[in-house]
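Structural features, examined
Listed below, chain by chain, are the residues.
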Amino acid sequence: MQADTGATAASSENFYAALSEIGQLLVRSPEPPVLYEAVIEVLERRIGARLVMVGEMDRSSGWLRRIAPAQVAPDMADIYPECIPFSLARPAFWQGEPQLEADVRHAEGLEMFRPAYVRHGVHAVVAVPVLKFGEVCAALVIRASQAGFFTARMIELLQQAAASIGLGLEAHEQRTRLLQSVQDEARQRRALRLLSEMIKLVTHSADEQALLAGACRVARCIGGYHVAWIGLLDEDDPASLRVRAQEGLAGDVAADFRFAPDGGTHAGDAVARALSSGQAQVGHPAADRLDWTPGAGVPGVRALLALPLRTDGAIVGCFVIGADEADAFSAIEVQVFAEMAVELGLGIQMQCAQAARLAAEQELRFNLQHFHTILSKQYAGILVTSEEHRVSFANEAFCTLFGLSEMPAELEGKSMEALYALLQQAYRDPEREWRRIQEIMAADAPVKGDEVAIKGGRTFLRDFTPIRIDGVAQGRLWHQRDITEQKMHEARVERLAFYDVVTGLPNRRLLFELLEQARTRATKQGTLLAVGVLDLDRFKSVNDTIGHGGGDHVLAEASARILGMLREADVLARFGGDEFALVISGLDSREQLDVISRCILQALRAPLNLMGEQLYLSASVGWTLYPLDESDAEGLVRHADLAMYAAKEEGKDRGSLYEPAMELEQVRLQAMRERIAQALQQSRLQLLFQPIVYIDGLPGLNGVAGMEALLRLDDTNELIEPAKFMHVLDDPQLARPIGRYVLDEALRCCQSWMRSGISIPVSINISTRHLLHPAFFTDIDAVLDSYPDVMDVGFGVEVTETGPSMDHARAKIVIEECRRRGIRVGLDDFGTGSASLSHIQKLDIEHIKLDQSFVRDILSDERNMAIAAGVITTARMLAKTVIAEGVETAEQGDLLASLGCHQLQGFSISRPMPAEAVPGWVAGWVPPASWGSLVNERQSLLASQTDGA
């Protein structure tokens, strides 16, 4: 069978349709194999391509492996090979250039495929590389019966299709990385929460069974794991494991069920390995037997974590957790769970010691010798004294705890003074401990949980119990155990609660405690206390460039530099993200604070070398001074935060001191936000329209380029301009509703003009937040469904120059999709931002609007004229239209014309007008007489366009 590899030349309409459909595929973000199949279907259907396949580069083997089509008929297997060697690709292919073989039947190196090409009538083949993050990762291969099928236009289309595939692969990989990061963080938080709950259980469980059952319940209910059970080695049969507590096992698990880890049946699974090695072990159903419940396995379990339990250094059992995800236990989780097992073992050990101590106290009533025997086996240190303050009994653990060379029997009969002379070498503060012991004996009342400081950083927990039998005093019982490891665990948990993980600095919770203490000291000492909030400038771009791992390194380096400028008594805390708080006490004047602020900012400006990149940091910092600012801790931080935002608005990389007017400004901004929200609900927002005309404009319709929709707030019969509520237009809750109103109203007016015979396009301003909203194109489609005639003349959207910098990659994708849909995109207020030329180069915009600040004084200020000339020249070289806004005189228009500007807008042409006034104005538009010299040139241009059509 011979495949039809020929195809007629595709029309331009089909070319654009193919690119549009491929773009829509990217919006749906399918998996790579699905994307490949869909692209093949589009190319075959839209442009008549045949025998199309997509393969991915396997660099370890040196082959291109076919991914799509996934299913190939047997008689087509030779033309769709599973693998193609890299050696067939020319060097230019690896640089991103398509490789065209116009005559495959005689091309060298293709002999292995020649029979297939002959059988299927293939004469020409093109392989188009697909780049992901700048590296060739796949290839789009198309075959044809005639070399003429692959025209330059066709090759360009295939390159754009390959570029779209690459974008889809990059987006897919970035989403995968982000999801994995979020999942890893959530799993770490869950593991740390489990560790915290386990420490609580160890501390508060009434007995061992409650401890074991609670541990299983914590793992299943709080951790969300499929199953959890604890088995302890049987004291009478150490080779067997008895299930002592469980959550999630089958209901028929018997209390005396035994699991034999040394038996042949279970010798290789995770539980047996954990018990034999003493290390945490992870197992999976493919390698481990999971039928450790009577008669059946555990359905849904895909991963097991087996944690050996130790008491007094010996393995006594195993804590087993089963999860329904194969990769549920990462290295960090295993580490945290191992610590949890240590805590559980310590709890079992403590419960055993507690139970033994209670039993010993009961046995005192009946048999002193039996009492001695039991206490001698205790892990905790036991000391019994008589009513005469002499030693009646001491166990080996007591001697071991205090490092005594004497045996327990040698201590019996010694006075408390003589005994203390032996013990004092172990205490961190011997005199204090002797006073405490005398206080306890004088009170002769039970004492529980008395902590004792021991040399070497150890801590003992001491209990004291008066012994009475039938109401008669018989002596005193001292019970002491080493809780050093438990205290260390508690300290680690406390650090997690009060300190930032990335920088090691105090977190927000600890900051406010330290700030309250500093306020109290400042009040007593009569000194100034400075509270600051510092935010790194443009830190998001650092994360986007070097990733969050690199971003964490930058945060740590920034905190180290700031600390280098502070005294030991000062406080630096991390609020989260790239925001820090500072507390500097003992200041005498504002001038001192100015010096400190400048030193901190200067330290941050020094270049930072990271991952082969040289980064430059800067920060904005806001300050307030207590008691000049008499606010509480929360108020001081809030005021410093307001000052920090003021520093950012002043240009960043600077400091600012709080002033009450800043808070008044915040109140004003919030009040305006509420007014806009009410106006939106009460239909008190209004659109005015200002014309844009050709600089060589003709009278009437032909001289009008379009109308720009301008938003106004109708407030008590006064129209308020956007300059007074600009912050609201990018508000998270209001940006989209306002944008939808503007879209609907502007297109409604445009369609009404068309029906009255005035067909001119309209342009609207879109806030950055609405432009980048996931539902932006849903809003576009909805309004176009309501006003379908508008696309006959088209409409445009304008974004501010600084808008896309919030997420440049996302903005680029959205703007390109707008252009594919036939929506014009322009850059507003050009020249006032920080990345103008970069935006023109990278974003697929149609026109730029020269900001009116450069036009206003263009006749009298040579610098403004130079800037305007540079912008116009740069835009013309990049084939972008330039619209000058704020033109107030005909002379300004003449000068802009001489500089090569395209279109004008401003009060000299027309002030903004209601929608109903537009048709009349357009019909009566007459350009200034000074523009008359340009009319002939404009008419010639229109005539040439008409002849070309």
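Note that the structure is a prediction, hence the values are computed from the model and not measured. (Residues numbered from 1 in each chain as written. Predicted model: local features only at pLDDT ≥ 70, side-chain atom pairs only at ≥ 80, totals over all residues. Heavy atoms only, no water.)

A look at the overall build of the protein chain
Looking only at helices and strands, the protein chain has 30 helices and 33 strands in total. Here the protein chain, with 949 residues, has 49% of them falling under the buried criterion. Taking the contacts inside the protein chain whose residues are at least 6 apart along the sequence as the reference set, 61% of them involve residues at least 24 apart. In the structure as shown, the protein chain presents an accessible area of about 45000 Å², 51% of it carried by carbon and sulfur atoms. (Helix = DSSP H or I, 4+ residues; strand = E, 2+ residues; numbered from the N terminus. Buried < 20%, exposed > 50% of the residue type's maximum accessible area, 1.4 Å probe, protein only. Contact = heavy atoms within 4.5 Å. Areas by Shrake-Rupley, 256 points an atom, 1.4 Å probe, with all protein chains shown as cover.)

With respect to the side chain of Glu208
Note that Glu208 resides in helix H6 (residues 208-222). Accessibility expressed as a relative area gives 18% for Glu208, which makes it buried. Of note is the side chain of Glu208, whose polar atom sits 3.2 Å from the side chain of Arg244. Among residues more than four places away in sequence, those in contact with Glu208 are Leu232, Arg244, Ile348, Gln351 and Cys352. (Polar contact = N/O pair within 3.5 Å; in protein donor to acceptor, adjacent residues only side chain to side chain.)

Quick word on the pairing of strand S28 (residues 762-765)
Relative to S28, strand S26 (residues 704-715) runs parallel, the two being bridged by 2 bridges. If you follow Met707 over to S28, its bridge partner there is Val762. With 4 bridges connecting them, S28 and strand S29 (residues 795-800) associate as parallel partners. Bridged to Asn765 within S29 is Glu798. (Pairing = 2+ DSSP bridges.)

What to know about the nonpolar core
In terms of nonpolar packing, the biggest core is built from 78 residues, with Phe689, Trp753, Phe795 and Leu896 touching the most fellow members. Leave out the neighbours within four places in its chain, and Phe795 touches Leu743, Leu747, Val762, Ile780, Leu784, Val790, Gly822, Ile823 and Arg824. (Core = buried A, V, L, I, M, F, W, Y, C linked by side-chain atoms within 4.5 Å.)

Quick word on the confidence of the model for the protein chain
With 87% of its residues at a pLDDT of 70 or more, the protein chain shows a mean pLDDT of 81. Low pLDDT, under 50, characterises residues 1-8; the stretch is placed with 26 contacts to residues that sit more than four places away or in other chains. Long-range and interchain partners of residues 290-296, a stretch whose pLDDT sits below 50, account for 21 contacts in this model, where long-range means more than four residues apart. (pLDDT = per-residue confidence, 0-100.)

A short note on the sheet that holds strand S16 (residues 458-469)
Sheets are built from strands paired through backbone hydrogen bonds, the pairs being either parallel or antiparallel. Strand order in the open sheet made by the 5 strands is S14-S13-S17-S16-S15, with antiparallel pairing throughout. Only two strands of the sheet have a single partner each, and these edge strands are strand S14 (391-394) and strand S15 (447-454). The sheet shows a mean angle of 25° between the axes of neighbouring strands, taken without regard to direction. In this structure, strand S13 (residues 381-385) lies alongside S14, joined through 3 bridges in antiparallel fashion. Within the sheet, the bridge partner assigned to Val384 lies in S14 and is Phe393. The sheet strands contacting helix H13 (residues 430-443) are S15, S16 and strand S17 (472-482), and the helix crosses S15 at an angle near 165°. (Axes fitted to C-alpha atoms, helices over the stretch in contact; angles between N-to-C directions.)

Section: the packing of helix H5 (residues 152-204) against H6
At a minimum axis separation of 10 Å, H5 and H6 run at an interaxial angle of 160°. As summarised for this structure, H5 and H6 are arranged roughly antiparallel, according to the angle between their axes. Of the two possible hands of crossing, H5 and H6 adopt the one that is right-handed. In this structure, H5 uses Arg193, Leu194, Glu197, Met198, Leu201 and Val202 to contact H6, whose residues at the interface are Leu211, Gly214, Ala215, Val218, Ala219 and Ile222. Of the residues contributing to the contact of H5 with H6, the split by class is 9 nonpolar, 1 polar and 2 charged. (Parallel < 35°, antiparallel > 145°, perpendicular 65-115°, else oblique. Left-handed = near helix turned anticlockwise from the far one by under 90°. Nonpolar A, V, L, I, M, F, W, Y, C, P; charged D, E, K, R; others polar.)

Some thoughts on unusual backbone geometry
Put simply, Ala68 and Pro69 share a cis peptide bond, and its omega is 0°. On the secondary structure map, Pro69 appears in the loop between strand S2 (63-68) and strand S3 (83-85). Positioned with a positive phi, Phe133 is a non-glycine residue whose angle comes to about 55°. Inspection of the secondary structure assignment puts Phe133 in the loop between strand S5 (124-132) and strand S6 (135-144). Phi is positive for His389, close to 65°, though the residue is something other than glycine. Turning to its location among the elements, His389 is positioned in the loop between S13 and S14. Residue His389 is classed as partly exposed on the basis of its relative accessible area of 32%.

Re helix H28 (residues 890-899)
The complete set of buried residues in H28 reads Gln892, Gly893, Leu895 and Leu896. Down the axis of H28, the buried set is contained in an arc of 165°. They therefore lie on one face. Directly beyond the C-terminal end of H28, a positive phi value near 100° is found at Gly900. (Arc of directions from axis to C-beta.)

As for the packing of aromatic side chains
Counting across every chain of the model gives 16 aromatic pairs. Through successive ring pairs, a cluster of aromatic residues spans Phe398, Phe402, Tyr420, Tyr427, Trp434 and Phe460. Taking the ring centre of Tyr80 as reference, the NZ or CZ of Arg143 above it sits at 5.5 Å. One cation-aromatic arrangement involves Arg911 over Phe907; the distance from NZ or CZ to the ring centre is 4.0 Å. (Phe/Tyr/Trp six-rings, centres within 6.5 Å; stacked < 30°, edge-to-face > 60°. Lys NZ or Arg CZ within 6 Å of the ring centre and 35° of its normal.)

Brief notes about the side chain of Gln690
By the element assignment, Gln690 lies in strand S25 (residues 685-694). From its side chain, Gln690 meets the backbone oxygen of Ser910 in a polar contact 3.1 Å long. Discounting residues that sit within four places of it in the chain, Gln690 has contacts with Gly706, Met707, Glu708, Leu710, Gln905, Gly906, Phe907, Ser910, Arg911 and Pro912.

Quick notes on the sheet that holds S6
Strand order in this open sheet of 6 strands is S3-S2-S1-S6-S5-S4, and the pairing throughout is antiparallel. Each end of this open sheet is capped by a strand with a single partner; those strands are S3 and strand S4 (99-101). Each adjacent strand pair in this sheet contributes to an overall mean axis angle of 25°, direction not counted. Lying over the sheet, helix H2 (residues 32-47) contacts strand S1 (50-58), S2 and S6, oriented at roughly 155° with respect to S1. Of the strands in this sheet, S5 and S6 touch H5, which is tilted by about 30° from S5.

Quick look at the environment of Ser12
Of note, Ser12 is situated in helix H1 (residues 12-28). Through-space distance from the C-alpha of Ser12 to that of Ile47 is 9.5 Å; in sequence the pair is 35 residues apart.

Comments concerning the packing of helix H15 (residues 508-525) against helix H18 (residues 633-649)
It is at 9 Å that the axes of H15 and H18 come closest, and there the two elements cross at 105°. With respect to H18, the element H15 is oriented roughly perpendicular. Contact residues: H15 offers Phe512, Leu515, Glu516 and Arg519, while H18 offers Ala633, Glu634, Leu636 and Val637. The class makeup of the residues in the contact of H15 with H18 is 5 nonpolar, no polar and 3 charged.

A short note on the pairing of S13
Consecutive side chains of a regular strand alternate in pointing toward one face of the sheet and then the other. Burial runs high along S13: 5 of the 5 residues are buried. Once S13 ends, the chain turns through 5 residues before running back antiparallel as S14, passing His389 with a positive phi of about 65°.

Let's talk about the environment of Ala353
As for its placement among the helices and strands, Ala353 is situated in helix H8 (residues 331-363). In this structure Ala353 comes out as buried when scored by relative accessible area, which is 9%. Along the chain, Ala353 and Ala380 lie 27 residues apart, while their C-alpha atoms are 6.6 Å from each other.

Quick notes on the environment of Leu729
Tracing the backbone through its elements, the reader meets Leu729 in helix H20 (residues 726-729). Taking the C-alpha atoms as reference points, Leu729 and Gly739, separated by 10 residues in sequence, lie 8.3 Å from one another. Those residues in contact with Leu729 that sit more than four places away from it in its chain are Leu711, Pro722, Ala735, Ile738 and Ser767.

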